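So you can see what is in the structure, the chains are spelled out below.
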Amino acid sequence: MKRVLAVALFGLLLVLAGCGGPVQDDILNYINKEMKTAQTLEEKAVSAYEGVAGVNYTDDQTMYDALVNEVIPNYSDLISELETVSIESDELKEVHEIYLSGAKLQFSAFEKIMEALEKQDASLVEEANQLLEEGRLQIEDYNDKLDELAKEHNVEIEKE
């Protein structure tokens, strides 16, 4: 199975540069406070998946167990967390919705992989890989748009 996950918020740290404003304050709050739990959940899910996929794949049962016990529960919690994030500005809400959409695609892909393993159906694996790719692309778009929005409002995002 292809390894096509993207960690959206992996180690983001914000440094304020310039004068404050409502959107700037919203971006700072979003990254520094609102998204902390989401970042942790995503890191756990992605790490668990990468530990059993691609070059780390050993057997179907190991992957299935990781999906059922770690990946899917953490991704489910991630989506719940993303749906409750408090955002004031419309610009940031639009960017956040891209991430939420990408995360939902990734979640669907994980569920489809689980189903493929249960049914031993290779065509479901292909569908899952397509969903993973679509989700990855949306999450990349989210990261790009968040960077752009931050620059527009004098917020520097440093990736650790």
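Draft legend 1. Highlighting the overall build of the protein. In terms of helices and strands, the protein carries five helices and two strands. Considering only contacts within the protein whose residues lie at least 6 apart along the sequence, 77% involve residues at least 24 apart. Working note: accessible area of the protein is about 8,000 Å², and carbon and sulfur atoms make up 47% of it.

Draft legend 2. Representation of the packing of aromatic side chains in the model. Counting across every chain of the model gives three aromatic pairs. Both rings, one in Tyr75 and one in Phe110, keep their centres 5.2 Å apart while their planes meet at 70 degrees; by these two values the pair is edge-to-face. Of this pair, Tyr75 sits in helix 3 (residues 60–83) while Phe110 sits in helix 4 (residues 90–119), placing them 35 residues apart in sequence. The burial state of Tyr75 is the same as that of Phe110; both residues are buried. Among the aromatic residues, those joined into a ring-pair cluster are Tyr49, Tyr75 and Phe110.

Draft legend 3. Geometry of the pattern of salt bridges. For the coordinates displayed, the defined rule picks out six salt bridges. For Lys112, the salt bridge identified is with Glu127, shortest N-O distance 3.2 Å. Here Lys112 is found in helix 4, whereas its partner Glu127 is found in helix 5 (residues 122–152), with 15 residues between them in sequence. One salt bridge connects Glu140 with Arg136, and the closest N-O pair in it is separated by 2.3 Å. Placement of the pair is Glu140 and Arg136 together in helix 5, with a separation of four residues, close to one helical turn. Overall, Arg136 belongs to the buried group, its relative accessible area being 17%.

Draft legend 4. Seen up close, the packing of helix 1 (residues 22–34) against helix 5. Two elements in contact, helix 1 and helix 5, have axes whose closest approach is 10 Å; the angle formed by their N-to-C orientations is 135 degrees. When the axis of helix 1 is compared with that of helix 5, the two are oblique. Between helix 1 and helix 5, the residues in contact are Val23, Ile27, Tyr30 and Ile31 and Tyr142, Leu146, Leu149 and Ala150, respectively. Its residues assigned to classes, the contact of helix 1 with helix 5 comprises eight nonpolar, no polar and no charged.

Draft legend 5. Expanded view of unusual backbone geometry. Look at Gln120: it is not a glycine, yet its phi comes out positive at around 50 degrees. Structurally, Gln120 is set in the loop between helix 4 and helix 5. If you check the backbone angles, Asn154 has positive phi at about 55 degrees while not being a glycine. Looking at the element boundaries, Asn154 is found in the loop between helix 5 and strand 2 (155–159). Residue class for Asn154 comes out partly exposed when judged on its relative accessible area of 44%.

Draft legend 6. Examining the environment of Ser76 more closely. The residue Ser76 is located in helix 3 in this model. Taking the relative accessible area as the measure of exposure, Ser76 reaches 32% and is therefore partly exposed.

Draft legend 7. Looking closely at the side chain of Asn74. Relative to the elements of secondary structure, Asn74 occurs in helix 3. Among residues more than four places away in sequence, those in contact with Asn74 are Leu41, Lys44 and Ala45.

What counts, and where the lines are drawn
- Counting restarts for each chain, with residues numbered from 1 along the sequence as it is written.
- This being a predicted model, a pLDDT of at least 70 is required before a residue's local features are given, and a value of 80 or more before pairs of side-chain atoms are given or counted; all residues contribute to the totals for chains, interfaces and linings.
- With hydrogens and water set aside, each side-chain value is computed from the structure's full complement of heavy atoms.
- The helix and strand labels rest on DSSP assignments: H or I over at least four residues marks a helix, E over at least two residues marks a strand, and numbering proceeds from the N terminus.
- The criterion used for residue contact is that any of the two residues' heavy atoms lie within 4.5 Å.
- Residue exposure ignores everything except the shown protein chains as possible cover, and the areas themselves are Shrake-Rupley values with a 1.4 Å probe.
- Only rings of Phe, Tyr and Trp enter the pairing, Trp through its six-membered ring, and a pair is recorded when the two centres are within 6.5 Å. The plane angle decides the type: under 30 degrees is stacked, over 60 is edge-to-face, the rest tilted.
- Only protein chains enter the accessibility calculation, which uses a 1.4 Å probe; a residue whose area is less than 20% of its type maximum is buried, one above 50% is exposed, and one in between is partly exposed.
- The salt bridge definition used is simple: a Lys or Arg side-chain nitrogen within 4 Å of an Asp or Glu carboxyl oxygen.
- Axis lines are fitted through C-alpha atoms, for helices just across the contact stretch, and the angle between N-to-C directions can take any value from 0 to 180 degrees.
- Orientation categories follow fixed angle ranges, with anything under 35 degrees roughly parallel, anything over 145 roughly antiparallel, 65 to 115 roughly perpendicular, and all other angles oblique.
- In this classification, the charged set is Asp, Glu, Lys and Arg, the nonpolar set is Ala, Val, Leu, Ile, Met, Phe, Trp, Tyr, Cys and Pro, and all remaining amino acids, among them Gly, are polar.

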